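Residue-level structural notes
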Amino acid sequence: MLPIDTTTLGDRSYLVHDGRVAFVVDPQRDIDRILALATGAGVQITHVFETHIHNDYVTGGYALAAATGAAYHVNADDPVTFDRTPVRDGDIITVGQDMHVRVLATPGHTFTHLSYALDHDGQQVAVFSGGSLLYGSVGRPDLLGPDHTHTLVRHQYASAHRLASELPDSAAVYPTHGFGSFCSATQSAADTATIGSEKLINPALTRDEEAFVDELLAGLDAWPAYYAHMAAANTAGPAAPDLSPPERADAEQLRKRIAAGEWVVDLRNRVAFTAGHLAGTLNFGLDGSFATYLGWLIPWGTPLTLLGETPDQIAEAQRELVRIGIDRPAAHATGTPQQWAGGEDLATIPRATFADLALIRHHRHVTVLDVRRDLERAGAHIDGALHIPLHDLLRRLDDVPGGEIWVHCAAGYRATVAASLLAAGGRHVVAVDDDFDQARANGLLTLAAS
C-alpha cells in the first residue's frame, strides 16, 4: 500500500498493488503523481475506487481511469453524468489474483458514502474509509447543508460502528481525510490506525450516540467557500488538468489587471511580501495553506494572475489550484517585485509582534482586527478586538473602521493575507506576525468570548 499525501489540503490517496496490478482509492486531480508511482512500482492500475463525491477537491478518478483503462468504481446512486462501473453495498471486486475489495455502505459524510474493505489471501487486512472513520474522528456531516446535518451525523455514528463490528481489530484504517482537511470534524496527530486502536480512542466508538452527536455538532466551524463548486465538478467527470504555464504579463499588464479589479497574487512568503511588493497585489504565500485560503476568498471566476520568484513557484501554485478547480490562471510573471512594478515605488506593510501591540496600545488608539475563525476566538481573544474571520473579511470591509489597523491571527499567515486585502483597498494596516501564545504572555487576552 502506497499513500499519496496532499498535505496542503489535508488529504490522502492510496495505490495498492500485489506486485503486478494495482487499484487506487480517491485519487487527487493531478494524476501524474499516481502514474509515476505506479510506473516506479512496475504495476498496472486496473481499478479506481471513489469513496464519495468529494467536497474539498476535484477528483482525478475519471481522468486516471481514462488514462489507464481502469474500471472506475463509483456508487450506483451517485448522480454522475459519465460512464462508470456502478457499485453497491455488498459487491466484491477482484483485483488481480489475491486482492478482493468489498463495498460497504457507510453514509454520514454524504448519503452515498462507501468504504472499501480489502481481503488479501483470505485475510481482512484493511479498510479504505474515505470520509467515514478517520483517525480519532469522523468526516464532518454538515457539508450538504443544515437540512441534512442532524440525519448525517447519526449515519456517521452507525457507519463507524458497522466498520468496527464487521472488521477485525487488526485491520488497518486508511481514511482520505483527517490530516488537516476541513472535511474532518476534528483533527488528529495520528498517522496510522487499526480498527482496534480506533475502538479505544475514537469518539464515534467510545461515546454513546447522544454524547457523540452533541460533541461533534458543537465542534463544527466554517468550511472553505470553494467546497460549493466541488460536487458539481466531480459529478461531471473532470478531465486531467492543463499544467502548462499561463501567458506572461509585463509590468504594464499587471497594473491594468489590478486596475480592472482582477486578482494579482504574490506567492512569496509574508516576510518578503511585507518588505516590498507591487501595490494592489495580494499575498497568499506558498509556504502556508495557499489553495485553501485563496480558493476560500476569491470571488469564483475572478481572473487570477500569479507572481513568483521562479517558474517552479508558478508551477507549484498551478498544481495546488487545479486540485480545487481553478484550472487556468489568466497570466503570470516571475522575477522580483521591482520588475513587476516597472520602476515604480514598492508598497510595504509594517510587521509587528504581540509585544509591540501591547506597548502601542498604551500610547494611542488602534483597531485590533482578529481574523481567526469563531471556534478559535471562543477559546481566548484580545480585549476590545474586532472579530471578522478571514473568510468573511471581503464582504465586511465596511465594518472595519478607518485609522490604524493591527491585524492578527494565530501565527501570522492569515493576518498577512488580511493585511494585503486591506492595504490594497488603501487602509493603514500593520500585520502582527507572531504566535498567539505571545498575546497571552503579554497580558492581552480575555479568556472567554463575550
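Residues numbered from 1 in each chain as written. Predicted model: local features only at pLDDT ≥ 70, side-chain atom pairs only at ≥ 80, totals over all residues. Heavy atoms only, no water.

**A few points about the layout of surface pockets**
- What the second largest pocket holds in volume is close to 230 Å³.
- Contributing to the lining of the second largest pocket are 15 residues, with Ile53, Asn55, Thr110, Leu144 and Ala231 lying nearest its centre.
- Grouping the amino acids of the lining of the second largest pocket by side-chain chemistry returns nine nonpolar, four polar and two charged. (1 Å grid on protein atoms, 1.4 Å probe; cavity = no way out; pocket = protein on both sides within 12 Å on 5 of 7 lines; lining within 4 Å. Points joined across faces, edges and corners; volume = space filled by probe spheres on them. Nonpolar A, V, L, I, M, F, W, Y, C, P; charged D, E, K, R; others polar.)

**Overview of the side chain of Arg373**
- With respect to the helices, strands and loops of the structure, Arg373 is situated in the loop between strand E19 (367-370) and helix H14 (374-379).
- Notably, Arg373 is buried but unbridged: the nearest opposite-charge side chain belongs to Glu376, and the N-O separation is 4.2 Å.
- Those residues in contact with Arg373, other than ones at most four positions away along the chain, are Phe182, Asp221, Tyr293, Trp296, His387, Pro389, His391 and Arg414. (Helix = DSSP H or I, 4+ residues; strand = E, 2+ residues; numbered from the N terminus. Buried < 20%, exposed > 50% of the residue type's maximum accessible area, 1.4 Å probe, protein only. Lys, Arg positive; Asp, Glu negative; His and termini not counted. Salt bridge = Lys/Arg side-chain N within 4 Å of Asp/Glu carboxyl O. Contact = heavy atoms within 4.5 Å.)

**Brief notes about unusual backbone geometry**
- Its identity is not glycine, yet Asp26 carries a phi of approximately 55°, on the positive side.
- Considering the arrangement of structural elements, one finds Asp26 in the loop between strand E3 (21-25) and helix H1 (32-41).
- Here Asp121, not a glycine, exhibits a phi torsion of approximately 55°, which is positive.
- Checked against the element boundaries, Asp121 lands in the loop between strand E9 (114-120) and strand E10 (123-130).

**Some thoughts on the sheet that holds strand E7 (residues 92-95)**
- Strand order in the open sheet formed by five strands is E7-E8-E9-E10-E13, and the pairing between neighbours is mixed. Every other strand in the sheet has two partners, leaving E7 and strand E13 (172-175) as the edge strands with one partner each. Each neighbouring strand pair of the sheet contributes to a mean axis angle of 25°, computed without reference to strand direction. (Pairing = 2+ DSSP bridges. Axes fitted to C-alpha atoms, helices over the stretch in contact; angles between N-to-C directions.)

**Some details on the pattern of salt bridges**
- Overall, the coordinates contain 30 salt bridges when judged by the stated rule.
- A salt bridge links Asp433 to Arg351; the nearest nitrogen and oxygen atoms lie 3.1 Å apart. Taken together, the positions of Asp433 in the loop between strand E23 (428-432) and helix H16 (437-441) and Arg351 in strand E18 (residues 351-352) put the pair 82 residues apart, joining distant regions of the chain.
- Asp433 sits in the buried class, given a relative accessible area of 15%.
- Arg351 sits in the partly exposed class, given a relative accessible area of 42%.
- Through salt bridges with shared partners, a single network forms among Asp30, Asp32, Arg33, Arg319, Glu320 and Arg323.

**Digging into the packing of aromatic side chains**
- Tallied over the entire structure, the rule returns 16 aromatic pairs.
- Between Phe49 and Tyr116 the ring centres are 4.8 Å apart and the planes differ by 55°, which places this aromatic pair in the tilted class. One end of the pair, Phe49, is in strand E4 (residues 44-49); the other, Tyr116, is in strand E9, with 67 residues separating them in the sequence.
- Using a relative accessible area of 0% as the deciding quantity, one classes Phe49 as buried.
- A relative accessible area of 1% places Tyr116 in the buried class. (Phe/Tyr/Trp six-rings, centres within 6.5 Å; stacked < 30°, edge-to-face > 60°.)

**Details of the pairing of strand E17 (residues 331-334)**
- Residues Ala331 and Ala333 line one face of E17 and the alternating positions His332 and Thr334 line the opposite face, and both faces are buried.
- Sheet topology places strand E16 (residues 304-308) next to E17; four bridges connect them, and they run parallel. In the sheet register, Leu307 faces E17, and the bridge partner there is Ala333.
- For the handedness criterion, the β-α-β arrangement of E16, helix H11 (residues 311-322) and E17 is classed as right-handed. (Right-handed = clockwise from strand over helix to strand, strands pointing away.)

**Some thoughts on empty space enclosed by the protein**
- In total, this model carries one cavity of 30 Å³ or more according to the counting rule given.
- When its volume is computed, the largest cavity comes out at roughly 80 Å³.
- Lining of the largest cavity is provided by 14 residues; of these, Glu50, His52, Ile53, Tyr72 and Val74 occupy positions nearest its centre.
- When residues of the lining of the largest cavity are assigned to their parent elements, the largest contribution, three residues, is made by strand E5 (residues 71-75).
- Class assignment for the residues of the lining of the largest cavity results in six nonpolar, six polar and two charged.

**Overview of the nonpolar core**
- Formed by 49 residues in total, the largest nonpolar core has its most connected members in Trp263, Phe284, Phe290, Leu294, Leu304, Leu390 and Leu393.
- Those elements that provide at least two residues to this core are helix H7 (227-235), strand E14 (263-266), helix H10 (290-297), E16, H11, strand E22 (404-408), helix H15 (413-424) and E23.
- In terms of residue count, the dominant contributor to this core is H15 (seven residues).
- Not counting residues up to four positions away in its chain, the partners in contact with Phe290 are Val265, Leu267, Phe284, Gly285, Ala317, Glu320, Leu321 and Tyr413. (Core = buried A, V, L, I, M, F, W, Y, C linked by side-chain atoms within 4.5 Å.)

**Topic: the sheet that holds E5**
- Spatially, E1-E2-E3-E4-E5-E6 is the arrangement adopted by the six strands of the open sheet, whose pairing is mixed. Either end of the sheet is taken by a strand with one partner, and the two such strands are strand E1 (2-6) and strand E6 (85-87). The sheet shows a mean angle of 25° between the axes of neighbouring strands, direction not considered.
- Relative to E4, E3 is paired through five bridges, and the arrangement is parallel. Counted as the bridge partner of Phe23 is His47 from E4.
- Lying over the sheet, H1 contacts E1, strand E2 (11-17), E3 and E4, oriented at roughly 155° with respect to E1.

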